[in-house]
Every structure is written in C-alpha cells, then in structure tokens.
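One letter stands for each residue in the lines below.
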Amino acid sequence: MTAKPTGLAAYATVTAAYWAFMLTDGALRMLVLLHFHTLGFSPVQLAYLFLLYEVMGVVTNLSAGWLAARFGLTSTLYAGLGLQIVALIALAQLDPAWGLTGSVIFVMCVQGLSGIAKDLAKMSAKSTVKILAPTGEGALFKWVAILTGSKNAVKGFGFLLGAVLLGLWGFTTSVWVMAAVLAVILIGVVAFMPTGLPQGKKSAKFSQVFSKDPNVNRLSLARMFLFGARDVWFVVGIPIYFYAVLSDGSEESNRAAFFLIGSFMALWIILYGIVQGLAPQLLKAKTSTTPQIVHKAVTWVAILTLIPLALSLAIWLNLPNLTAILVAGLLVFGFVFAVNSSVHSYLILAFTTGERVTMDVGFYYMSNAAGRLLGTLLSGLSYQAGGLPLCLFTAAVMAGLSTLAAQRLKG
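Residues numbered from 1 in each chain as written. Predicted model: local features only at pLDDT ≥ 70, side-chain atom pairs only at ≥ 80, totals over all residues. Heavy atoms only, no water.

Hey, could you run me through the packing of aromatic side chains in this one?
Note on aromatic pairs: each is described by the distance of the centres and the angle between the planes. The full count for this structure, using the stated rule, is 16 aromatic pairs. Their ring planes at 70° and their centres at 4.9 Å tell us that Trp98 and Phe106 sit as a pair that is edge-to-face. The interplanar angle of 40° and the centroid separation of 6.2 Å between the aromatic rings of Trp268 and Phe337 together place this pair among those described as tilted. With Trp268 in helix α9 (residues 251–282) and Phe337 in helix α11 (residues 322–351), this pair connects stretches of sequence that are 69 residues apart. Looking at Trp268, the relative accessible area reads 1%, which means it is buried. Judged by relative accessible area, which is 0%, Phe337 ranks as buried. What links up through ring pairs into an aromatic cluster is the set Phe159, Phe227, Trp233, Phe234, Trp268, Tyr272, Phe333 and Phe337. (Phe/Tyr/Trp six-rings, centres within 6.5 Å; stacked < 30°, edge-to-face > 60°. Helix = DSSP H or I, 4+ residues; strand = E, 2+ residues; numbered from the N terminus. Buried < 20%, exposed > 50% of the residue type's maximum accessible area, 1.4 Å probe, protein only.)

Take a look at the structure:
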C-alpha cells in the first residue's frame, strides 16, 4: 500500500504546478487578445478565438473527474501541464500568410487544446485540497481559499506579463519563452511530487460524473451564471473599450495602451485573488455553519447584480470622469465577485464526499466553463451590438440569474 502523502509537501507541490500553469494561461490570453486586435480582428472575431477554449473546458470538466478517478490525480495534473506546452509550441507556428480565416481556425484549435489543459490542471489541484486538508473548523475553507486566491493572483501577473512580453519581444518569441519555462516547471514537478495521492480505480464509471445531489447541481447552475456575469465584460468588452480610449493606433501608443490594459487586467485579477484568500476571515468561516455560508452566498451575489447595472447606467448617462468611474466600479465588482467565487469553491467541497470528489468537482467546473463560454460569446456579441453599456447590462442579468439559482441551495 502506498503511504499517504505529507499534506503540506503535496499541497505545496500541487500549488506550485498550478501557479506555473496559470501564469502562462493569463499571459497567453493577453497575447492572443491584443495581438489579434492590432491585426484588425472585430470584437466578435476576437470572441471566436476563445470560444473553443471554453467549449473544450466544458467537455474536459465533464470527463476530467472520471479520468482522475480512473487514472489518478497526478496523471491528470501532468497531462494538463504537458498539453499546455504543446499548445504554446503550436501557437508559435502561426503564419500571417494563412490569411484571416485560416488564422482564426488555427488559433481557435490551439486555444481549444489550451482549454483542455487548463481544466485538467484545475480539477486536479482543487480535488487534491479535499483530500489533503486538515479536519479542523474552517480548515477546508481556508485551504481552498489559499489555493484559489493565490492562483488568481498569479494569473493576474500573467495578464501583465503577456502584455509586457508582446510589447518587448513580439508574439512568437514570447510564446516560445513561455513554452520553455513551463517545460522546466513540469520536469521539476514530476521530480518532486510526493507519493501517495489517489492513483485511480479501474471500476470508476463515466456515468458517475453526473451528480444526484440537488445542492451540487444548483450550485453548479449558480456558478455558471456567476462566471458568465464576469466574462461578458471581461473577455472582450473592457480590453477593447480601453484600447479605443488609450491608443491612437501608432506603434508607440499601442505599446503604452498594451501596458495600461495589461496592468488593469492584472491588478483586477491579483486583487480578486487576494480577496479570495481572505474570504474565510471576511465571512468568519470558523464560527459559521454551512447553512449560514449558503445564506451569505445568496446575499453577496445579490449585491453583485447591482454593480454592473449601475455602471451601465453611468455610461448611458455619459457621466464626467467616466473611465475613472468604470475602473473603480469594476474593482468593486471584483471584490464582491471574489467573495462569491470563494464561497462557491468551499461549498462544492463541503457538499461532496471523498469518494465522489473528483466527479463532483469536475461536474461543477464544467458549469464554470459553460459560464465562461456563454460570457465569452455574449461579450463579443453584446459589445458589437451595443458597446460596453450592453456588456455590463448583460452581466447584471446573468448575476441576477445566479442569485435565483443560489436561493435554491439547502444547507
């Protein structure tokens, strides 16, 4: 029998692998978005570039829980890192001579591969926390909050890194550098991963992926609309709006705009990650029961609904200092969104059992990916149809739907 891994050592190794992955994931998103926007891609075409990424996230999460139960958590983690390296190398082969249609199709396919990689790594890391976390009061919430919060802070640095690399080295060189660094990280993780994590069971059946627990299903629905509410303005709307405000189209102006857009996106994600890490203290998790945390989840998502609604109205009224209002408002959105996200990440692990953890977490993150897919598509469509005000109004509608789903949760 394989010995149980030392909790802290295994947790640290898994977290390091997840950090490395999310750094490249954030950087790659900014590289693709800004590079193809400067090539003249429309908002809808930019959204297309990320659609297969999100579609494959849905498919991957639906099967990732079963794959981890069948082949083991370390196998799915290594596969996620390896596929991201392959995706980066493939993206470096992009040739401008292929034309618009060929480029869009190629990048969509590569982004789809990256989507598979991301969700294999995410499901593996989040499931490991359930297995390794101590059993004290509030310990599970604390451990999952630290992993999720630190991951998003690292991804935020990735957004800034991608924008800076694009301005300094260009698209192809930046992608090759990231592939090389991630390959070194993968080798290190394989070398230092402690033994003893679940190795998988041949008896695991794919049909077990679908949960019969109403709480898991309702939380997954709330999660889908929550992340749709973020990505409907985050993926295309805000970066393109800021680019229009900040750049006159010259190379020097583009570099400055890239840096400022990347800095804002990075700051938003980093602060989001910090708040996620602090959520157990903000919500007094040590002294709160699961039903009380469920009630807090409903309250916080209801508050979230009001923020994009107010920002949409501010743009429609063309208030003075509009850009400053948007920046401040979206940072407040990030704070409230982070608390919601952290509560969800705790609740899915609280609702599931050790035997079903990979299955339920995979199903839950399938809903997360479906929300990102919906938000990504609506981001391009709503921006093209009605600009940033429609993006933000759509975000408010989706947050409202998340509130309705959260209200049906039972403690």
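Next comes the rest of the account.
Got a minute to help me understand a nonpolar patch on the surface in this structure?
A surface patch of nonpolar side chains, about 490 Å² in accessible area, is lined by Leu267, Leu271, Ile274, Leu278, Leu282 and Phe335. For the nonpolar patch, the element with the highest residue contribution is α9, accounting for five residues. According to the relative accessible area criterion, Leu282 is partly exposed, its value standing at 45%. (Patch = residues over 30% accessible without salt bridge, like charges linked within 9 Å, V, L, I, M, F, W, Y side chains within 5 Å. Areas by Shrake-Rupley, 256 points an atom, 1.4 Å probe, with all protein chains shown as cover. Salt bridge = Lys/Arg side-chain N within 4 Å of Asp/Glu carboxyl O.)

I would appreciate a short explanation of the confidence of the model for the chain in the present structure.
Should the pLDDT be low somewhere, the predicted coordinates at that spot are not to be read in detail. On average, residues of the chain score 81 in pLDDT, and 87% of them reach the 70 mark or higher. Per-element confidence in the chain is highest for helix α7 (residues 214–234), whose mean pLDDT is 91, and lowest for helix α2 (residues 43–71), whose mean pLDDT is 75. Per-residue pLDDT stays below 50 along residues 1–5; that stretch engages in 13 contacts with residues further than four places along the chain or on separate chains. (pLDDT = per-residue confidence, 0-100. Contact = heavy atoms within 4.5 Å.)

What's the story with the nonpolar core in this structure? I'm lost.
When a protein is soluble and globular, its nonpolar side chains tend to lie buried together. Grouped together as the largest cluster of nonpolar side chains are 128 residues, with contacts concentrated most on Trp233, Trp268 and Leu347. For this core, the leading source of residues is helix α12 (residues 357–406), giving 16 residues. Residue contacts for Trp233: discarding those within four places in its chain leaves Ile238, Pro239, Trp268, Leu330, Phe333, Ser379, Cys391, Leu392 and Ala395. (Core = buried A, V, L, I, M, F, W, Y, C linked by side-chain atoms within 4.5 Å.)

Before we go on, may I ask you to explain the pattern of salt bridges in this structure?
Where charged atoms from two side chains of opposite charge come close, those side chains can pair. On inspection of all chains with the given rule, the structure shows two salt bridges. Close ionic contact of Asp25 with Lys155 constitutes a salt bridge, the shortest N to O distance being 3.3 Å. In this pair, Asp25 is assigned in helix α1 (residues 7–38) and Lys155 in helix α5 (residues 139–169), connecting sequence segments 130 residues apart. Each member of the pair Asp25 and Lys155 is classed as buried. The partner of Arg230 in a salt bridge is Asp231, and the shortest N-O contact between them spans 2.8 Å. The two residues Arg230 and Asp231 agree in class, both being buried.

Teacher, can you tell me more about helix α3 (residues 73–91) here?
Structurally, the α-helix is built with 3.6 residues per turn, so residues lying three or four positions apart point the same way. A rise of 1.5 Å per residue sets the reference length of α3, with its 19 residues, at 27 Å; its end C-alpha atoms lie 27 Å apart and thus fit the reference within 8%. Along α3, the residues that are buried comprise Leu73, Thr74, Thr76, Leu77, Gly80, Leu81, Gln84, Ile85, Ala87, Leu88 and Leu91. (Expected span 1.5 Å × (residues − 1).)

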